[in-house]
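Letter by letter, the chains look like this.
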There are 2 protein chains.
Amino acid sequence: MTPKNIKIQCPLPHATEDTIRLAHGGGGHLMQTLIHEIFLQAFSNPFLNSLQDGAVLPSQDGHLVMTTDSYVVHPLFFPGGDIGSLAVHGTINDLAMMGANPLYLSAGFILEEGLSIDTLKRVVSSMAKTAQACGVHIVCGDTKVVDRGKGDQIFINTTGLGVIPSSVDIGPHRITPGDRMILSGDLGRHGMAVLSKREGLTFSGDIASDSAPLHDVVMDLIGRGLSIHCLRDLTRGGLASALNELASTAQVSMTIDESQIPVSESVRGACEILGLDPLYVANEGRCVLFLPLADVDKALSILQSHAISALAVEIGEAHPLSSNHTAQVILRTPYGTHRILELLSGDQLPRIC
Amino acid sequence: MTPKNIKIQCPLPHATEDTIRLAHGGGGHLMQTLIHEIFLQAFSNPFLNSLQDGAVLPSQDGHLVMTTDSYVVHPLFFPGGDIGSLAVHGTINDLAMMGANPLYLSAGFILEEGLSIDTLKRVVSSMAKTAQACGVHIVCGDTKVVDRGKGDQIFINTTGLGVIPSSVDIGPHRITPGDRMILSGDLGRHGMAVLSKREGLTFSGDIASDSAPLHDVVMDLIGRGLSIHCLRDLTRGGLASALNELASTAQVSMTIDESQIPVSESVRGACEILGLDPLYVANEGRCVLFLPLADVDKALSILQSHAISALAVEIGEAHPLSSNHTAQVILRTPYGTHRILELLSGDQLPRIC
């Protein structure tokens, strides 16, 4: 049932096909053509090329980390990325947030009948380039085709496998009052880039997605012995949602300084026009770090030495539960006032990842 | 971005929601409600419950095997199974076909806006029961919601992780002329069960899907020291497609006896009415085994001792490439004639898995 479950030498009777048909998911010649001409050519590696029901991977020292995400972003292509690069970055970042070194990805495609083969090729090519740049192998995959009107061009699931040294212990359980919080960069670019492309909006200043892999800088921080307590990427729901989740899980309160949070002028302007709050807009290459005060300066210098986190800044601290024993996230405004950052009911922007 | 990326204690402001809304995928309260009330309750296990970006798994001896499949079966519920049980069986079987013992699954859900929560609960409950019965943990997951008309109720991706002892080497590369072929059971029930339900057809005799997990019987065969050369489950494209793929990969020809292939009366009748060939119809609990003559009797007795493969039978053998040096799959008919089983261009039945 995987696309590797196919023969190596196959005739290509439909090489001129220019759109996806239901038969491309049927397990016959057409599916083999698709897999050989598009997927195997793009993703080729020893694990995938063995063409079996699964990929055989070497045993690993240390703990395995497994994570999964489906990508349904609309539109497929947006400034700064596309569903293919996003499907690699997003899953790699989930592994990185665990302190894991990403090694392998699976790729599950759900294609809509009538999809242009050229569009599929563009997405797959972007996915392959991104995986190569990130040093991960796409080791197994699957393709399904659904009837016209029962999907939306392309959905992609990537499941990631990584390894963490047994010594590394990063997670919400390690957040303690007194921990300082570092934000790795400016907020809101991914969500606003997708939204502006989807709605055909033009804002002063181009807004490109921040979609990027965080594993290199995380591995650098860990390798240099920093005592990182917790990492969290700022995707659906943005910084405000991530902090609310972590505060509740760790049973602490948090205070952040609004004036410290980098937001580009173009994102700020676009959010004001649309009535959106950058603190709730999704990012795909941003994270928040929790660590003891003693490590803040060293962490900042390491973060700022990587392009992806050049704007890293300390934004606040964790402290004991508030007097009413609830885990609150408090925003200190530039005017010295305080307001509670609530968790939204839903999301400001659907289908941004 | 995974559903574990949420807080443990969360208010449930929308517990009365009876359909999926876009906001259920938004990373806020609604998504947390969905995850806590449905997914965590059903799938609860130590790996999933840690509520982090990924699941931390123990290191494993032996080789890891990773496989992925998306499930888009229509309708969601059919005689003998549903998309939830199928999403567990299908991926477990891909691992089993590698000789791997299935350990962990990820679960990625793509839900269509407007989906009934009760329908989702039924699918998730079936998935959880099936995973428990198969002895695998669903260790991480993700939920996305797409707008009405951009999906089809529920799509599920499961990615599986298993382990094979370094000593086990099962695959097409080990198929050699002289190998005997064993079919593990009767053909065509899954495809015909889904089709009859989808089209509202009634046939004499109920046709229930053969969807079932093959790992127990495979582990039994391996544990008893049988020299299995290759295993392949008979999903999209059925037995005929699987044999064509294997013949081409292994560069051998194969001959099978039509009279030996078990097909139930009801499946045979339904196929005749619809002009379908049971040899090309998808199965979800059937496989073909390649092994040396010396092991055939022992393999048959072990297979027949398991309910899932009680009808196991030897159906043919592999032999050198035919005179024109092509890898052919030849069917020996009850009348003594021979015909070549070709690989279809597409598939007889779309969206059966």
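Residues numbered from 1 in each chain as written. Chains lettered and ligands numbered in written order. Predicted model: local features only at pLDDT ≥ 70, side-chain atom pairs only at ≥ 80, totals over all residues. Heavy atoms only, no water.

**Q** Explain the overall build of chain A here, please?
**A** Along its length, chain A carries 9 helices and 14 strands. For 353 residues, the compact-globule formula gives about 20 Å, and the C-alpha radius of gyration of chain A, at 22 Å, lands near that figure. Each principal axis of the C-alpha distribution contributes one length, and for chain A these read about 70 × 50 × 35 Å. When the 353 residues of chain A are sorted by exposure, 64% land in the buried category. Taking contacts inside chain A between residues at least 6 apart in sequence as the whole, the part at least 24 apart equals 85%. Roughly 11,600 Å² of accessible area belongs to chain A as shown, and the carbon and sulfur atoms make up 51% of that amount. (Helix = DSSP H or I, 4+ residues; strand = E, 2+ residues; numbered from the N terminus. Rg over C-alpha atoms; globule rule 2.2 N^0.38 Å. Buried < 20%, exposed > 50% of the residue type's maximum accessible area, 1.4 Å probe, protein only. Contact = heavy atoms within 4.5 Å. Areas by Shrake-Rupley, 256 points an atom, 1.4 Å probe, with all protein chains shown as cover.)

**Q** Quick question: what am I supposed to make of the relation of the copies chain A and chain B here?
**A** One copy of the chain maps onto the other through a rotation about an axis followed by a shift along the same axis. Once turned by 180 degrees and shifted 0.0 Å along the axis, chain A lies on chain B with an RMSD of 0.0 Å. Taken together, the rotation angle and the small translation identify this as a two-fold axis. Scanning chain A for the C-alpha nearest the rotation axis identifies Gly151 of chain A, at a separation of 2.1 Å. Most of the interface of chain A is mirrored in chain B, where 100% of its interface residues are also at the interface. (Least-squares fit on C-alpha atoms with pLDDT ≥ 70 in both.)

**Q** Honestly, the environment of Ala240 of chain A in this entry has me stumped. Any pointers?
**A** All names here are of chain A. Structurally, Ala240 is set in helix 7 (residues 238-250). Put simply, Ala240 and Val329 are 89 residues apart on the chain and 7.9 Å apart in space, counted from C-alpha to C-alpha. Apart from residues lying up to four places away in sequence, Ala240 is in contact with Leu279, Tyr280 and Leu341.

**Q** Explain the environment of Asp257 of chain B to me, please; I cannot follow it from the model alone.
**A** Residue and element names in this part refer to chain B. Relative to the helices and strands, Asp257 resides in strand 10 (residues 253-257). With 212 residues separating them in the primary sequence, Asp257 and Asn45 have C-alpha atoms 47 Å apart. Excluding anything up to four places from it in sequence, Asp257 contacts Ile315 and Arg332.

**Q** Teacher, can you tell me more about the pattern of salt bridges here?
**A** When their charged atoms lie close together, side chains carrying opposite charge are able to pair. Overall, the coordinates contain 28 salt bridges over all chains when judged by the stated rule. Here Arg339 of chain A makes a salt bridge to Asp277 of chain A, at a shortest N to O gap of 3.5 Å. You can see Arg339 of chain A sitting in strand 14 (residues 338-340) and its partner Asp277 of chain A sitting in the loop between helix 8 (265-274) and strand 11 (287-291), a full 62 residues away along the chain. When its relative accessible area of 37% is taken as the criterion, Arg339 of chain A is described as partly exposed. Taking relative accessible area as the criterion, Asp277 of chain A reaches 19% and is therefore assigned buried. In the salt-bridge network here, residues are joined through shared partners; they are Asp69 and Arg236 of chain A together with Asp142 and Lys144 of chain B. (Salt bridge = Lys/Arg side-chain N within 4 Å of Asp/Glu carboxyl O.)

**Q** Explain the side chain of Ser309 of chain A to me, please; I cannot follow it from the model alone.
**A** All names here are of chain A. By the secondary structure assignment, Ser309 is in the loop between helix 9 (296-304) and strand 12 (313-319). Looking at Ser309, the relative accessible area reads 0%, which means it is buried. One polar contact links the side chain of Ser309 to the main-chain carbonyl oxygen of Leu303, over a distance of 2.6 Å. (Polar contact = N/O pair within 3.5 Å; in protein donor to acceptor, adjacent residues only side chain to side chain.)

**Q** Honestly, the interface of chain A and chain B in this entry has me stumped. Any pointers?
**A** By a frequent convention, interface size equals the accessible area lost on bringing the separate parts together. Every contact between the two is made by 91 residues of chain A and, on the other side, 91 residues of chain B. Both sides together, the interface formed by chain A and chain B hides about 7,000 Å², and carbon and sulfur atoms give 57% of it. At the surface where chain A touches chain B, the tally comes to 8 salt bridges. Connecting chain A to chain B are 27 residue pairs in polar contact (both at pLDDT 80 or more). (Buried area = accessible area lost by both parts, 1.4 Å probe.)

**Q** Explain the domain arrangement of chain A here, please?
**A** All names here are of chain A. Looking at chain A, the domain boundaries give domain 1 (22-164) and domain 2 (172-340). Relative to domain 2, the C-alpha centre of domain 1 lies at a distance of 28 Å. Between domain 1 and domain 2, the residue contacts involve 20 residues of the former and 22 residues of the latter. For the pairing of domain 1 and domain 2, the buried interface totals around 1,700 Å² over both sides, and the portion due to carbon and sulfur atoms is 64%. Looking only at domain 1, the three residues that lose the most surface to domain 2 are Pro79, Asn93 and Met97, adding up to 32% of its buried area. Taken together, domain 1 and domain 2 are joined by 0 salt bridges. Counting across the domain 1 and domain 2 interface gives 8 residue pairs in polar contact (both at pLDDT 80 or more). (Domains from an automatic or database assignment.)

**Q** Help me out: how do you make sense of the pairing of strand 5 (residues 101-112) of chain A in this one?
**A** Regular strands place their side chains on alternate faces of the sheet. Residue and element names in this part refer to chain A. For strand 5, the buried fraction is high: 10 of the 12 residues fall into the buried class. With 10 bridges joining them, strand 5 and strand 7 (residues 154-164) adopt antiparallel strand pairing. By the bridge assignment for strand 7, Ala107 is matched with Thr158. Where strand 5 and strand 6 (residues 137-146) come together, 9 bridges link them in parallel fashion. What sits directly across from Ser106, in strand 6, is Cys140. (Pairing = 2+ DSSP bridges.)

**Q** Would you mind showing me how to read the sheet that holds strand 9 (residues 230-233) of chain A here?
**A** Pairing between the strands of a sheet comes from backbone hydrogen bonds, and it takes one of two forms, parallel or antiparallel. Residues and elements named next belong to chain A. A sheet is described by the order of its strands in space; here 7 strands give the open sequence 9-11-8-12-10-13-14, paired in mixed fashion. Two strands lie at the open edges of the sheet, namely strand 9 and strand 14, each paired on one side alone. Between one strand and the next, the sheet's axes are offset by a mean angle of 25 degrees, whatever the strand orientation. Note that strand 10 (residues 253-257) and strand 13 (residues 329-332) share 4 bridges and pair parallel. Its bridge partner being in strand 13, Asp257 is matched across the sheet by Arg332. (Axes fitted to C-alpha atoms, helices over the stretch in contact; angles between N-to-C directions.)

**Q** Honestly, the sheet that holds strand 12 (residues 313-319) of chain B in this entry has me stumped. Any pointers?
**A** All names here are of chain B. Read across the sheet, 7 strands follow the order 9-11-8-12-10-13-14 without closing on themselves; strand pairing throughout is mixed. Because the sheet does not close on itself, it has two edges, and the strands there are strand 9 (230-233) and strand 14 (338-340). Strand-to-strand twist across the sheet, computed as the mean angle between neighbouring axes with direction ignored, equals 25 degrees. Pairing of strand 9 with strand 11 (residues 287-291), which is carried by 4 bridges, proceeds in the antiparallel orientation. Across the sheet, the residue bridging to Arg232 is Val288, located in strand 11.

**Q** How should unusual backbone geometry be read in this particular structure?
**A** When glycine is set aside, most residues are seen to have a negative phi, and most peptide bonds are trans. Residues and elements named next belong to chain A. Of note, the bond from His74 into Pro75 is cis; its omega dihedral lies within 30 degrees of zero at 5 degrees. Considering the arrangement of structural elements, one finds Pro75 in the loop between strand 2 (63-71) and strand 3 (77-78). With a phi close to 60 degrees, His325 is a non-glycine residue in the positive phi region. Along the chain, His325 turns up in the loop between strand 12 and strand 13. According to the relative accessible area criterion, His325 is exposed, its value standing at 64%.

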